[in-house]
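Inside the fold
Residue-level listing of the chains:
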Amino acid sequence: MKAIVDQDTCISCGVCASVCPEVYHMNEDDKSVAIDGDIPSEYESSAQEARDSCPVDAIDIKE
């Protein structure tokens, strides 16, 4: 699984980074970014929870 954050949609709320900081963090522009590569299996559930918590649906997770 790989997480992708749409930078144009992100509103910099930080919810994803607070729910799953192992996968998401805020960059220098205060936009969320996901780790490069696959989500470690132990964080898949929390990464999906963070995606589902995004108020503007800026996060997509590809299988």
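Residues numbered from 1 in each chain as written. Predicted model: local features only at pLDDT ≥ 70, side-chain atom pairs only at ≥ 80, totals over all residues. Heavy atoms only, no water.

1. Section: the pattern of salt bridges
It is possible for side chains of opposite charge to pair when their charged atoms get near one another. For the structure shown, the criterion picks out two salt bridges. Between aspartate 52 and arginine 51 there is a salt bridge, with the nearest N and O atoms lying 3.0 Å from each other. According to the relative accessible area criterion, arginine 51 is partly exposed, its value standing at 24%. Of the charged contacts in the structure, one is a salt bridge between lysine 62 and aspartate 60, with a shortest N-O distance of 2.9 Å. The exposure class of lysine 62 is partly exposed, given its relative accessible area of 45%. A relative accessible area of 33% means that aspartate 60 is categorised as partly exposed. (Salt bridge = Lys/Arg side-chain N within 4 Å of Asp/Glu carboxyl O. Buried < 20%, exposed > 50% of the residue type's maximum accessible area, 1.4 Å probe, protein only.)

2. Observations concerning unusual backbone geometry
With a phi close to 65°, aspartate 30 is a non-glycine residue in the positive phi region. Mapping aspartate 30 onto the fold places it in the loop between strand 2 (24–26) and strand 3 (32–34). You will see that aspartate 57, though not glycine, has its phi angle at about 55°, which is positive. Note on placement: aspartate 57 falls in the loop between helix 2 (44–53) and strand 4 (59–62). (Helix = DSSP H or I, 4+ residues; strand = E, 2+ residues; numbered from the N terminus.)

3. Considering the nonpolar core
Counting residues in each nonpolar core, the largest one holds 16 residues, and the members touching the most others are Ala3, Val23, Tyr24, Ile39, Ala47, Ile59 and Ile61. Of all the secondary structure elements, the ones that give two or more residues to this core are strand 1 (2–5), helix 2 and strand 4. Aside from chain neighbours lying at most four places away, what touches alanine 47 is Cys20, Val23, Tyr24, Ile39 and Ile61. (Core = buried A, V, L, I, M, F, W, Y, C linked by side-chain atoms within 4.5 Å. Contact = heavy atoms within 4.5 Å.)

4. A few points about the pairing of strand 1
Judged by which residues are buried, strand 1 turns out to be one-sided: Ala3 and Val5 face inward and are buried, whereas Lys2 and Ile4, on the alternate face, are not. Direction of pairing for strand 1 relative to strand 4: antiparallel, over a ladder of four bridges. Looking at strand 4, one finds that valine 5 is bridged to isoleucine 59. (Pairing = 2+ DSSP bridges.)

5. Topic: helix 2
Those residues of helix 2 that sit buried are Ser46, Ala47 and Ala50. The buried residues of helix 2 occupy an angular sector of 105° when the element is viewed end-on, so they sit on one face. Exposed side chains of helix 2 directed beyond 90 degrees from the buried face belong to Ser45 and Asp52. Contacts made by the buried residues of helix 2 are with helix 1 (15–19), strand 2 and strand 4. (Arc of directions from axis to C-beta.)

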